[in-house]
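As a plain string of letters, each chain reads:
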Amino acid sequence: MEANKNRILVFGGTGYIGKYMVKASISLGYPTFVYTRPINSETPISKIQLCKEFNSIGVTLVEGELEHDKIVAVIKQVDIVICTFAYPQVMEQLKIIDAIKVAGNIKRFLPSDFGVEEDRVKPLPPFQAFLDKKRKIRREIETSGIPYTFVSANCFGAYFVNFLLHPYDDNKKDITVYDNGETKAILNYEEDIAMYTIKVANDPRAHNRIVVYRPSKNIVTQNELISLWERKNGQKFNKVFVPEEDIINLSQILPPPQNIPVSIVHSVFVKGDLVNFELGEDDLEASQLYPDYNYTSIDQLLDKFIVDPPPPASAAFE
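Residues numbered from 1 in each chain as written. Predicted model: local features only at pLDDT ≥ 70, side-chain atom pairs only at ≥ 80, totals over all residues. Heavy atoms only, no water.

Remarks on the state of the cysteines
Counted according to the given criterion, the structure contains zero disulfides. No disulfide involves cysteine 51; its sulfur sits 16 Å from the nearest other cysteine sulfur, which is in cysteine 83. (Disulfide = S-S within 2.5 Å.)

So, in C-alpha coordinates, the structure goes:
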(Lines give C-alpha, C1' and ligand atoms only; values in the text may rest on other atoms or scores of the structure.)
Protein backbone atom coordinates (compact mmCIF):
# COMPACT_ATOMS: atom_id res chain seq x y z
CA MET A 1 0.00 0.00 0.00
CA GLU A 2 1.18 3.52 -0.77
CA ALA A 3 2.58 5.38 2.21
CA ASN A 4 0.65 8.57 1.39
CA LYS A 5 -2.74 6.89 1.18
CA ASN A 6 -5.33 7.89 3.76
CA ARG A 7 -5.68 5.44 6.62
CA ILE A 8 -9.30 4.36 7.06
CA LEU A 9 -10.96 3.20 10.28
CA VAL A 10 -14.29 1.35 10.07
CA PHE A 11 -16.59 0.99 13.08
CA GLY A 12 -19.05 -1.88 12.61
CA GLY A 13 -16.72 -3.48 10.08
CA THR A 14 -17.82 -7.04 10.86
CA GLY A 15 -21.52 -6.24 10.30
CA TYR A 16 -23.64 -6.67 7.19
CA ILE A 17 -22.61 -3.60 5.16
CA GLY A 18 -19.44 -3.00 7.17
CA LYS A 19 -17.62 -6.04 5.84
CA TYR A 20 -18.15 -4.80 2.28
CA MET A 21 -16.65 -1.42 3.25
CA VAL A 22 -13.57 -3.06 4.72
CA LYS A 23 -12.95 -5.23 1.65
CA ALA A 24 -13.51 -2.28 -0.70
CA SER A 25 -11.05 -0.17 1.27
CA ILE A 26 -8.37 -2.86 1.09
CA SER A 27 -9.03 -3.50 -2.61
CA LEU A 28 -8.52 0.20 -3.36
CA GLY A 29 -5.20 0.16 -1.54
CA TYR A 30 -6.01 2.02 1.67
CA PRO A 31 -4.47 0.98 5.00
CA THR A 32 -7.60 -0.22 6.80
CA PHE A 33 -8.43 -0.56 10.49
CA VAL A 34 -11.51 -2.19 12.01
CA TYR A 35 -12.64 -1.37 15.54
CA THR A 36 -14.54 -4.34 16.89
CA ARG A 37 -15.78 -5.75 20.16
CA PRO A 38 -13.35 -8.22 21.77
CA ILE A 39 -13.71 -11.81 20.61
CA ASN A 40 -14.79 -14.15 23.40
CA SER A 41 -16.55 -17.47 23.96
CA GLU A 42 -19.90 -15.97 22.88
CA THR A 43 -18.61 -14.51 19.60
CA PRO A 44 -20.37 -16.09 16.58
CA ILE A 45 -18.17 -18.38 14.49
CA SER A 46 -19.05 -16.30 11.41
CA LYS A 47 -17.46 -13.23 13.00
CA ILE A 48 -14.35 -15.16 14.07
CA GLN A 49 -13.94 -16.44 10.51
CA LEU A 50 -14.45 -12.95 9.10
CA CYS A 51 -11.80 -11.52 11.41
CA LYS A 52 -9.36 -14.24 10.26
CA GLU A 53 -10.15 -13.28 6.66
CA PHE A 54 -9.55 -9.61 7.46
CA ASN A 55 -6.18 -10.48 9.00
CA SER A 56 -5.21 -12.43 5.91
CA ILE A 57 -5.88 -9.47 3.58
CA GLY A 58 -3.99 -6.96 5.72
CA VAL A 59 -6.68 -5.38 7.88
CA THR A 60 -5.56 -4.08 11.28
CA LEU A 61 -8.07 -5.29 13.87
CA VAL A 62 -8.45 -3.25 17.04
CA GLU A 63 -10.53 -4.89 19.77
CA GLY A 64 -12.30 -2.81 22.38
CA GLU A 65 -15.55 -1.46 23.75
CA LEU A 66 -16.69 2.07 22.94
CA GLU A 67 -14.57 3.62 25.67
CA HIS A 68 -13.51 7.23 25.11
CA ASP A 69 -9.74 6.98 25.65
CA LYS A 70 -9.45 3.80 23.60
CA ILE A 71 -11.42 5.30 20.69
CA VAL A 72 -9.36 8.51 20.77
CA ALA A 73 -6.11 6.51 20.69
CA VAL A 74 -7.22 4.59 17.59
CA ILE A 75 -8.62 7.64 15.81
CA LYS A 76 -5.29 9.45 16.23
CA GLN A 77 -3.71 6.71 14.08
CA VAL A 78 -6.00 7.23 11.06
CA ASP A 79 -7.24 9.90 8.64
CA ILE A 80 -10.81 8.88 7.79
CA VAL A 81 -13.52 7.33 9.99
CA ILE A 82 -16.47 5.40 8.55
CA CYS A 83 -19.25 4.11 10.81
CA THR A 84 -21.58 1.31 9.69
CA PHE A 85 -23.47 0.69 12.93
CA ALA A 86 -26.87 -0.94 12.68
CA TYR A 87 -29.95 1.00 13.80
CA PRO A 88 -29.90 0.02 17.51
CA GLN A 89 -26.41 1.52 17.83
CA VAL A 90 -26.97 4.76 15.90
CA MET A 91 -26.81 7.04 18.94
CA GLU A 92 -23.59 5.35 20.05
CA GLN A 93 -21.96 7.44 17.32
CA LEU A 94 -22.03 10.38 19.74
CA LYS A 95 -19.10 8.67 21.48
CA ILE A 96 -17.22 8.54 18.17
CA ILE A 97 -18.00 12.21 17.49
CA ASP A 98 -16.66 13.17 20.92
CA ALA A 99 -13.49 11.16 20.28
CA ILE A 100 -12.99 12.75 16.85
CA LYS A 101 -13.30 16.22 18.40
CA VAL A 102 -10.65 15.38 20.99
CA ALA A 103 -8.29 13.70 18.51
CA GLY A 104 -8.50 16.68 16.15
CA ASN A 105 -6.83 14.98 13.19
CA ILE A 106 -9.66 13.45 11.14
CA LYS A 107 -9.96 14.56 7.51
CA ARG A 108 -13.44 13.06 7.03
CA PHE A 109 -16.15 11.30 9.01
CA LEU A 110 -18.89 9.26 7.34
CA PRO A 111 -21.61 8.39 9.86
CA SER A 112 -23.92 5.41 9.55
CA ASP A 113 -26.44 6.69 6.99
CA PHE A 114 -26.44 4.47 3.86
CA GLY A 115 -30.22 4.47 3.41
CA VAL A 116 -32.78 7.10 2.40
CA GLU A 117 -31.83 10.77 2.20
CA GLU A 118 -33.22 11.47 5.65
CA ASP A 119 -33.28 15.25 5.31
CA ARG A 120 -35.68 15.02 2.33
CA VAL A 121 -38.29 12.44 3.35
CA LYS A 122 -41.30 12.35 5.67
CA PRO A 123 -42.24 8.70 6.23
CA LEU A 124 -44.69 7.04 8.62
CA PRO A 125 -44.03 7.74 12.35
CA PRO A 126 -42.06 4.55 13.21
CA PHE A 127 -39.57 5.14 10.37
CA GLN A 128 -39.60 8.88 11.09
CA ALA A 129 -38.46 8.17 14.66
CA PHE A 130 -35.71 5.93 13.24
CA LEU A 131 -34.53 8.71 10.92
CA ASP A 132 -34.77 11.38 13.61
CA LYS A 133 -31.86 9.67 15.38
CA LYS A 134 -29.78 9.78 12.20
CA ARG A 135 -30.69 13.44 11.71
CA LYS A 136 -29.51 14.18 15.26
CA ILE A 137 -26.16 12.61 14.41
CA ARG A 138 -25.90 14.70 11.23
CA ARG A 139 -26.68 17.93 13.08
CA GLU A 140 -24.19 17.09 15.85
CA ILE A 141 -21.45 16.52 13.25
CA GLU A 142 -22.25 19.82 11.52
CA THR A 143 -22.32 21.72 14.83
CA SER A 144 -19.02 20.14 15.87
CA GLY A 145 -17.31 21.33 12.69
CA ILE A 146 -16.07 17.83 11.88
CA PRO A 147 -15.34 17.37 8.14
CA TYR A 148 -17.97 14.97 6.81
CA THR A 149 -19.58 13.23 3.89
CA PHE A 150 -23.17 12.09 4.32
CA VAL A 151 -24.16 9.12 2.16
CA SER A 152 -27.62 8.24 0.87
CA ALA A 153 -27.03 4.77 -0.62
CA ASN A 154 -30.75 3.85 -0.88
CA CYS A 155 -31.62 0.11 -0.79
CA PHE A 156 -29.05 -2.63 -0.27
CA GLY A 157 -29.65 -4.52 -3.52
CA ALA A 158 -28.95 -8.15 -2.57
CA TYR A 159 -30.78 -7.77 0.74
CA PHE A 160 -33.92 -6.44 -0.95
CA VAL A 161 -33.82 -8.97 -3.79
CA ASN A 162 -33.87 -11.64 -1.08
CA PHE A 163 -36.66 -9.82 0.74
CA LEU A 164 -38.85 -9.19 -2.30
CA LEU A 165 -38.26 -12.28 -4.45
CA HIS A 166 -37.11 -15.07 -2.08
CA PRO A 167 -34.90 -16.33 -4.94
CA TYR A 168 -33.56 -19.39 -3.09
CA ASP A 169 -36.98 -20.76 -2.18
CA ASP A 170 -37.69 -23.20 -5.02
CA ASN A 171 -41.24 -23.77 -3.76
CA LYS A 172 -42.12 -20.07 -3.69
CA LYS A 173 -44.95 -19.43 -6.16
CA ASP A 174 -46.42 -16.27 -4.60
CA ILE A 175 -44.60 -12.93 -4.50
CA THR A 176 -45.89 -10.16 -2.27
CA VAL A 177 -46.33 -6.80 -4.00
CA TYR A 178 -46.77 -3.66 -1.92
CA ASP A 179 -49.52 -1.35 -3.20
CA ASN A 180 -49.68 -1.61 -7.03
CA GLY A 181 -46.03 -2.45 -7.64
CA GLU A 182 -45.48 0.59 -9.85
CA THR A 183 -43.46 2.75 -7.44
CA LYS A 184 -39.83 3.23 -8.40
CA ALA A 185 -37.12 2.25 -5.91
CA ILE A 186 -33.31 2.17 -6.09
CA LEU A 187 -31.52 -1.13 -5.46
CA ASN A 188 -27.73 -0.87 -5.32
CA TYR A 189 -25.48 -3.89 -4.97
CA GLU A 190 -23.70 -3.90 -1.62
CA GLU A 191 -20.22 -4.19 -3.19
CA ASP A 192 -20.92 -1.06 -5.26
CA ILE A 193 -22.22 0.84 -2.23
CA ALA A 194 -18.96 0.03 -0.47
CA MET A 195 -16.76 0.99 -3.43
CA TYR A 196 -18.59 4.29 -3.94
CA THR A 197 -18.32 5.01 -0.21
CA ILE A 198 -14.55 4.52 -0.06
CA LYS A 199 -14.22 6.70 -3.16
CA VAL A 200 -16.31 9.57 -1.77
CA ALA A 201 -14.58 9.34 1.61
CA ASN A 202 -11.33 10.27 -0.12
CA ASP A 203 -12.79 12.68 -2.70
CA PRO A 204 -12.31 16.45 -2.11
CA ARG A 205 -15.52 17.08 -4.09
CA ALA A 206 -17.53 15.28 -1.37
CA HIS A 207 -16.11 17.31 1.51
CA ASN A 208 -19.00 18.49 3.73
CA ARG A 209 -21.51 17.29 1.12
CA ILE A 210 -24.30 14.74 0.77
CA VAL A 211 -23.77 12.11 -1.93
CA VAL A 212 -26.78 10.21 -3.30
CA TYR A 213 -26.30 6.81 -4.96
CA ARG A 214 -28.85 6.85 -7.78
CA PRO A 215 -27.41 5.00 -10.82
CA SER A 216 -29.92 4.97 -13.67
CA LYS A 217 -29.81 1.18 -14.25
CA ASN A 218 -30.76 0.52 -10.63
CA ILE A 219 -34.05 2.42 -10.58
CA VAL A 220 -36.77 -0.24 -10.78
CA THR A 221 -40.38 -0.97 -9.80
CA GLN A 222 -41.46 -4.15 -8.05
CA ASN A 223 -43.37 -5.24 -11.17
CA GLU A 224 -40.29 -4.69 -13.34
CA LEU A 225 -38.14 -6.63 -10.90
CA ILE A 226 -40.58 -9.56 -10.85
CA SER A 227 -40.83 -9.63 -14.66
CA LEU A 228 -37.05 -9.60 -14.97
CA TRP A 229 -36.77 -12.42 -12.45
CA GLU A 230 -39.43 -14.46 -14.26
CA ARG A 231 -37.47 -14.19 -17.51
CA LYS A 232 -34.23 -15.28 -15.87
CA ASN A 233 -35.82 -17.94 -13.66
CA GLY A 234 -38.16 -19.38 -16.28
CA GLN A 235 -41.09 -19.36 -13.85
CA LYS A 236 -44.33 -17.44 -13.65
CA PHE A 237 -45.15 -16.12 -10.18
CA ASN A 238 -48.47 -15.21 -8.62
CA LYS A 239 -48.51 -11.61 -7.38
CA VAL A 240 -50.21 -11.07 -4.03
CA PHE A 241 -51.00 -7.38 -3.67
CA VAL A 242 -51.02 -5.73 -0.24
CA PRO A 243 -53.07 -2.49 -0.21
CA GLU A 244 -51.46 0.68 1.15
CA GLU A 245 -54.04 0.98 3.94
CA ASP A 246 -53.07 -2.48 5.24
CA ILE A 247 -49.41 -1.44 5.40
CA ILE A 248 -50.26 1.79 7.21
CA ASN A 249 -52.47 -0.13 9.63
CA LEU A 250 -49.67 -2.60 10.39
CA SER A 251 -47.31 0.29 11.11
CA GLN A 252 -49.78 1.48 13.74
CA ILE A 253 -50.61 -1.81 15.46
CA LEU A 254 -47.29 -3.66 15.42
CA PRO A 255 -45.11 -3.08 18.50
CA PRO A 256 -41.65 -1.58 18.09
CA PRO A 257 -39.31 -2.50 16.55
CA GLN A 258 -41.50 -4.64 14.24
CA ASN A 259 -43.31 -1.50 13.08
CA ILE A 260 -40.13 -0.07 11.56
CA PRO A 261 -39.65 -2.51 8.61
CA VAL A 262 -43.32 -2.10 7.65
CA SER A 263 -42.87 1.68 7.65
CA ILE A 264 -39.71 1.36 5.54
CA VAL A 265 -41.62 -0.75 3.01
CA HIS A 266 -44.26 1.97 2.82
CA SER A 267 -41.67 4.71 2.38
CA VAL A 268 -39.70 2.90 -0.33
CA PHE A 269 -42.23 0.81 -2.25
CA VAL A 270 -45.46 2.79 -1.81
CA LYS A 271 -44.55 6.47 -1.41
CA GLY A 272 -41.40 6.27 -3.53
CA ASP A 273 -39.33 8.34 -1.10
CA LEU A 274 -36.07 7.29 -2.77
CA VAL A 275 -36.93 9.02 -6.04
CA ASN A 276 -39.58 11.60 -5.17
CA PHE A 277 -37.10 14.47 -5.17
CA GLU A 278 -35.10 15.74 -8.12
CA LEU A 279 -31.33 15.92 -7.96
CA GLY A 280 -30.31 19.51 -8.69
CA GLU A 281 -27.10 21.11 -9.91
CA ASP A 282 -25.71 21.24 -6.38
CA ASP A 283 -26.44 17.57 -5.65
CA LEU A 284 -23.71 14.96 -5.94
CA GLU A 285 -24.67 11.58 -7.44
CA ALA A 286 -22.21 8.69 -7.19
CA SER A 287 -22.41 7.24 -10.71
CA GLN A 288 -21.91 10.73 -12.17
CA LEU A 289 -18.95 11.40 -9.89
CA TYR A 290 -17.33 8.16 -11.07
CA PRO A 291 -18.54 7.49 -14.64
CA ASP A 292 -15.70 5.02 -15.30
CA TYR A 293 -16.72 2.72 -12.45
CA ASN A 294 -18.77 -0.18 -13.81
CA TYR A 295 -21.44 -0.65 -11.16
CA THR A 296 -23.66 -3.74 -11.05
CA SER A 297 -27.04 -3.17 -12.71
CA ILE A 298 -30.24 -4.77 -11.43
CA ASP A 299 -30.09 -7.14 -14.39
CA GLN A 300 -26.55 -8.22 -13.48
CA LEU A 301 -27.44 -8.48 -9.79
CA LEU A 302 -30.24 -10.95 -10.52
CA ASP A 303 -27.76 -13.04 -12.55
CA LYS A 304 -25.78 -13.54 -9.33
CA PHE A 305 -28.82 -15.18 -7.75
CA ILE A 306 -29.06 -17.60 -10.67
CA VAL A 307 -25.37 -18.57 -10.45
CA ASP A 308 -24.38 -18.25 -6.80
CA PRO A 309 -25.41 -20.60 -3.97
CA PRO A 310 -27.62 -19.13 -1.25
CA PRO A 311 -25.93 -17.25 1.59
CA PRO A 312 -26.18 -18.44 5.20
CA ALA A 313 -29.64 -17.76 6.64
CA SER A 314 -28.34 -15.08 8.99
CA ALA A 315 -26.23 -13.21 6.42
CA ALA A 316 -28.72 -10.48 5.66
CA PHE A 317 -29.48 -9.80 9.30
CA GLU A 318 -26.04 -9.35 10.89
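Moving on, there is more to tell.
Let's talk about the environment of aspartate 79
If you trace the backbone, aspartate 79 turns up in the loop between helix H3 (68-75) and strand S4 (80-83). Overall, the relative accessible area of 10% leaves aspartate 79 in the buried class. (Helix = DSSP H or I, 4+ residues; strand = E, 2+ residues; numbered from the N terminus. Buried < 20%, exposed > 50% of the residue type's maximum accessible area, 1.4 Å probe, protein only.)

With respect to the pairing of strand S10 (residues 209-212)
Bridge count between strand S6 (residues 149-152) and S10: four bridges; the pairing is parallel. The residue of S10 that forms the bridge with valine 151 is valine 211. Sheet topology places S10 next to strand S13 (residues 284-285); two bridges connect them, and they run parallel. Along S13, the bridge assignment pairs valine 211 with leucine 284. (Pairing = 2+ DSSP bridges.)

A few points about the environment of phenylalanine 109
One can find phenylalanine 109 in strand S5 (residues 108-110). Taking the C-alpha atoms as reference points, phenylalanine 109 and isoleucine 80, 29 residues apart in sequence, are found 6.0 Å from one another.

Description of the pattern of salt bridges
Per the stated rule, a full pass over the model turns up 21 salt bridges. Of the charged contacts, one joins lysine 101 and aspartate 98 as a salt bridge, the two residues approaching to 3.7 Å between their closest N and O atoms. Of the two residues, lysine 101 and aspartate 98 both sit in helix H4 (residues 93-103), three residues apart, roughly one turn of that helix. A residue is classified by how much of its surface remains accessible, and aspartate 98, at 36% relative accessible area, is partly exposed. (Salt bridge = Lys/Arg side-chain N within 4 Å of Asp/Glu carboxyl O.)

With respect to the packing of aromatic side chains
Within the structure shown, the criterion is met by 17 aromatic pairs. Residues phenylalanine 11 and tyrosine 35 carry aromatic rings whose centres are separated by 5.2 Å and whose planes lie at 35° to one another, so their mutual orientation is tilted. Of this pair, phenylalanine 11 sits in strand S1 (residues 8-11) while tyrosine 35 sits in strand S2 (residues 32-36), and the two are 24 residues apart along the sequence. With a centroid separation of 5.8 Å and 55° between ring planes, the pair formed by phenylalanine 160 and phenylalanine 269 is classed as tilted. Within this pair, whereas phenylalanine 160 is found in helix H6 (residues 157-165), its partner phenylalanine 269 is found in helix H10 (residues 259-271), the two being separated by 109 residues in sequence. The same class applies to phenylalanine 160 as to phenylalanine 269, namely buried. Through pairs of rings, three or more aromatic residues link up here, namely Tyr16, Tyr20, Phe156, Tyr159, Phe160, Phe163, Tyr178 and Phe269. Between the NZ or CZ atom of lysine 199 and the centre of the ring of tyrosine 290, over which it lies, the distance is 5.5 Å. Sitting above the plane of the phenylalanine 277 ring, arginine 214 keeps its charged end 4.8 Å from the centroid. (Phe/Tyr/Trp six-rings, centres within 6.5 Å; stacked < 30°, edge-to-face > 60°. Lys NZ or Arg CZ within 6 Å of the ring centre and 35° of its normal.)

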